[in-house]
Each structure stands twice: as structure tokens, then as C-alpha cells.
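Summary of structural features
Here is what each chain is made of, one letter per residue.
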Amino acid sequence: MQPRFRLSTLVGALCAGALAVSPTAAQQPAAPPAQRTAEHYDVLIRGGRLLDGTGNPWLRGDVGVRGDRIVAIGNLTGATATTVLDAGDRFVAPGFIDTHSHAGSGLESAELSSARQLLAQGITTVLANPDGGGATDMVAQRRDLLEHPLGVNVGLLVPHGSVRQAVLGMEDRAPTAAELARMEGMVRAGMEAGAFGLSSGPFYAPGSYSKTDELVALARVTAPYGGVYQSHIRDEGDYTIGVVAAVDEVITVAREAGVRGVVTHIKALGPRVWGYSAALVNRIDRAREEGVEVFADQYPYEASQTSLSAALVPRWAQAGGGDALTRRLASAADRERLTTEMTENLARRGGAARIQIGRYSPDSTVEGMTLAEIAAARGANAIETAMALLRVGDASIVSFNMSDEDIERLMVQPWTMTSSDGALVPLGQGVPHPRGNGAFARKLRKYVAEDGVVDLAAAIRSMTSLPGAVYRIADRGMLRTGAIADLVVFDLDAVRDNATFENPHQVAEGMTHVLVNGQPAIRDGQFTGAVVGQVL
């Protein structure tokens, strides 16, 4: 039989051992600390409240950077640096990671590649090609992005909708075995080229023509690469299968494909499903308890943005592409069915007064007006007006369709990341959603500083270490030695999302310093001209 020891006996023995130290030895003075040469850094951030990104409370300290890496954190008194940045007791955090960004196309242009609208919010990394849309050739897209210097880092996703359209066009049917194999090959090539996962948008055509088994098959291709399945779910309201079943579909794909699933820009869209956020939280929590890796991201606004056709036109009418839709809009036989279904879809979004035209190339005079206002000016009803607009061209819209209760319930979940769903739009062009210029600043201003919905450390975690871990973005998203020096220094009292729905072309403020890959892109609140982003 093994002997049993009492804890008190063990503690007594340890204490006795400690007391047995000779008094002479105990009275010896401690050796003086070894003299060290003062450390020198390329960049030294002094006197900040350090938020490491994990959700821990802030600690006071300094940060030393050499090259593109953080090499020291703590009390660095006596150190010198080529560039010293005074944090002035402001918060220091990892650079923000936007998990759902439409900035990719803008970053390919010389006009917008410096990404100042993103940097002003503290965003240092974006994931492009969301909702199943974007380029299918990752090698070519990387080349196009690097044609001009980048202000932020960019990670790429393989877009399911674009892959499907390349193989099946806009056909509403399942792929043949050979077609599915071609699609799998395209996804595999994207992952081999460095993509972080597969994005899908089964709410949109042609992604809406896919079945769950197709999404599982393509997500499974990403599994050996550690890929993520990120989805604009099939239904965020009650259009088709309903928002709860649509979240269940993401859970199914994650479980069966063996990947991490992300319900992107999670919401309960439209008055008919307000309050359903409780069911969504229950579904995701239950899946996680069962061992399925499911997460979400969210932008902090009560309005979404999409196209007029995506919001109102049933998917059967979009089969075959734009020309086919135009013919159906002109067809008396189809118009009756379209009118009925578009009327129902408009009701799902709360009516014509809740839909604001963002950008409409054929007639910029309607930009910023609601569908109700345009209809009144034309002396027509809202559906007739929408059809008239669509016959000439599609419009982007801002749709006011969410409740504060749902936004806040989803925001505080430990598996919810922060995203913008925003595009890089030239200042003054159209009336886009303000999220492109303000999402991250708005969360800090409204939901942390003003309303206290989420505390600062948790909000920073949702912007940094959580997305870094979910997407496996190496060495980004945490304030630690050895990590890449994507860093932000900000004054919480000064952070402002200046962009509004009426005037969205205003950049955020409150970022004192922003470093990208170790180099200051913003210093003392001013852009430095450094443009050192990478395609990850």
C-alpha cells in the first residue's frame, strides 16, 4: 500500500526546511544587479495602458519594437529608440483586425490603397472577398493588390459564389460530379495560394442556388489548410428558411467539414424576427458545447447594406443573370408574381421608409433618398418605383432593420468578433453606409464609452486576439513579445465615429498612433505617409 501524506505534514516540512537556513547566510546582502547596456529600439512606445488583446485588464508599461516585431514589453526606463512615441497614459492595443471587409477592390486602386479611412479607425488588417464574392484567382488578386503600396495588411478568402458562377454561371441547379470537382479544385488552388478559408453568401444569387452538401464539400477542401468557413447566411430574417435554420446550416457545415464556422455580420433582420437573437445565441452555445467550433462577427449599427435587387427581388427572378431579370421585369406575366413577392420582401424590411438609396449610377439625384421619398416624388407606389429603378440598373441600399436589443445581446457573446462589412469608397462618392469609415470607432464610442454594453478589454479582444485565433493569422492580434508590431494607441475619450447615415464621408478620429508592421502610419494623430501593408 502506498503511504498517505497529510498536507499539514508536507507544509510543516517545507517550513522547517526554510527555517533551517543558517542565519549567517540569510543575513548576507543581495548581490547587486548585473550592469546592462541600455537597450535601443527602432520604435519605443512609452507610458501606455497596455491591453494585450486577450481580455485582460490594462497594465501600465512600455513597448519596444525592432523591425516589424515587438521585442520588449514592461518598464523600459533607460531605453533609447530611433522613434519615441509618447502614449501619454492612453491605451495601447494590438492593431484591429476586420474579419469582414469589402475594401479589397478599393485597395487595388492607387487612390485608395493607402487605406487612410481604415487606419483612422485603428484597423491594420482586413479579410477580403466576403459574402462569397470577389476574385477566384488568389495569385492574380495578390499581384493586383501589390501593384500599389498597401496601407493595411490583407488576408484573402476564396469566394464560393464567384467559384460557382465560374463553373455553373447563374444556373439554379446542383453541380454535376465533374462540376463539383472543378469547384473543389478552384478552392484548393486558392488555399494553396494562401487564402484563409472559404466565404459564402447563400442569401445571394448564385450562392443561393447551392444546397448544404455543396457548401460542406467545398469547406472540407479547406480543412487540411486550417481554413475557416465564413458565411453570409442563407436567411437573416424570414425570407426562406428563416434566420435560426440559416445559423443551423453554418453549424452543420462546420461540423461535417471539420472547420471553424463563422456566422458573419450576425443579426436578426426585420421586425418579424426581432428578438430571435436569443435563439441564435442558444443555437451557437449548444453547438459549441457539443464541440463544434462556431463563431460570429458583427458590425455595430442598426442598419445593413446590400443591393436593391438582393433585398427585394426573389432569387428565381435572378436566375440567368441581369439580362434575364430585365426581361422578367418587362414581362406582364412575371410582373404580377414579382409584385406580390417584392411587396412581401419590402414588408420584411419594415417598409419603403426604411430603405435608403446609397449609390445609383444611372441617376445620382436619388442617392440619399428613401424609396418612399422617391416613390412620392414620382407619384408611384414603392414596388413600381423599385422596378423602374431596377430596369435601368441596380442600386446599393442602406436598410434600417435591426433592434437595439438584438444588437446588444449578440455583441456581448464571447464568440462574437467585430467587423465593418464596409467598403473603401472615395470621399464624396455616393451615400454609402457609414460603417466603412466608422465601425470600429463606433463600437468603442457608443457601446463601450457611452452605453457600457461591453467593457473595453472585451471589446478590444473582439477586434484583436479573437479574430487572430479564429482565422489563425500568425503573430497578429496580441500584444506580446515576438508578435508583429501592428499597434494602436488611442484616447478612449477622443475616439469618434464621425460618419453618419446622412454624411458618411467623414473619417474617424481618436487614434494617436497606429503602427503597421512596426512602422508608424499615424503619429500624433497625423498620417505619416508610411504605406507598408502586406498580403498575408
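Calculation rules
Residues numbered from 1 in each chain as written. Predicted model: local features only at pLDDT ≥ 70, side-chain atom pairs only at ≥ 80, totals over all residues. Heavy atoms only, no water. 1 Å grid on protein atoms, 1.4 Å probe; cavity = no way out; pocket = protein on both sides within 12 Å on 5 of 7 lines; lining within 4 Å. Points joined across faces, edges and corners; volume = space filled by probe spheres on them. Helix = DSSP H or I, 4+ residues; strand = E, 2+ residues; numbered from the N terminus. Nonpolar A, V, L, I, M, F, W, Y, C, P; charged D, E, K, R; others polar. Axes fitted to C-alpha atoms, helices over the stretch in contact; angles between N-to-C directions. Parallel < 35°, antiparallel > 145°, perpendicular 65-115°, else oblique. Left-handed = near helix turned anticlockwise from the far one by under 90°. Contact = heavy atoms within 4.5 Å. Core = buried A, V, L, I, M, F, W, Y, C linked by side-chain atoms within 4.5 Å. Buried < 20%, exposed > 50% of the residue type's maximum accessible area, 1.4 Å probe, protein only. Phe/Tyr/Trp six-rings, centres within 6.5 Å; stacked < 30°, edge-to-face > 60°.

So, about empty space enclosed by the protein. Tallied over the entire structure, the rule returns one cavity of 30 Å³ or more. By volume, the largest cavity is sized at about 100 Å³. Along the walls of the largest cavity sit 16 residues, with His232, Glu236, Leu269, Ser304 and Arg349 positioned nearest its centre. If one sorts the elements of the lining of the largest cavity by residue count, strand E14 (residues 303-307) sits on top with three residues. Tallied by class, residues from the lining of the largest cavity come to five nonpolar, six polar and five charged.

Next up on the list: the packing of helix H17 (residues 435-450) against helix H18 (residues 456-463). It is at 11 Å that the axes of H17 and H18 come closest, and there the two elements cross at 160°. The angle between H17 and H18 places the two elements in the roughly antiparallel class. For the element pair H17 and H18, the recorded crossing hand is right-handed. Mapping the contact onto sequence places Phe440, Lys443, Leu444 and Val448 in H17 and Leu456, Ala459, Ile460, Ser462 and Met463 in H18. Partitioned by chemical class, the residues of the contact of H17 with H18 number seven nonpolar, one polar and one charged.

Moving on to the nonpolar core. Burial of nonpolar side chains together is a common tendency in soluble globular proteins. Counting residues in hydrophobic clusters, the biggest one holds 100 residues, and the most contacted among them are Phe96, Leu107, Leu444, Leu456, Ile460, Tyr471 and Phe490. In terms of residue count, the dominant contributor to this core is helix H9 (residues 243-257) (nine residues). If we ignore the near neighbours within four places in the chain, the residues touching leucine 107 are Leu112, Ser113, Ala115, Val126, Leu145, Leu150, Val152, Val154 and Leu424. Counting 31 residues, the second largest nonpolar core, distinct from the first, contains Tyr239, Tyr360, Leu390 and Ala395.

Okay, the packing of aromatic side chains next. Each aromatic ring pair is summarised here by two numbers: the centre-to-centre distance and the angle between the ring planes. All told, the structure shown has six aromatic pairs when counted by the stated rule. Considering the side-chain rings of phenylalanine 96 and phenylalanine 440, the 5.9 Å spacing of their centres and the 15° angle between planes classify their relative orientation as stacked. Of the two residues, phenylalanine 96 is situated in strand E6 (residues 96-98) and phenylalanine 440 in helix H17; the sequence distance between them amounts to 344 residues. According to the relative accessible area criterion, phenylalanine 96 is buried, its value standing at 0%. Ring plane angle 80° and centroid distance 5.4 Å describe the contact between phenylalanine 203 and tyrosine 239, whose orientation is recorded as edge-to-face.

What follows concerns the packing of helix H8 (residues 212-222) against H9. At a minimum axis distance of 9 Å, the contact between H8 and H9 shows a crossing angle of 45°. The angle between the axes of H8 and H9 places the two elements in the oblique class. Of the two elements, H8 crosses H9, and the hand of that crossing is right-handed. Each of Thr212, Leu215, Val216, Ala219 and Arg220 in H8 lies in contact with H9, whose residues at this interface are Glu249, Thr252, Val253, Glu256 and Ala257. For the contact of H8 with H9, the residue count by class is five nonpolar, two polar and three charged.

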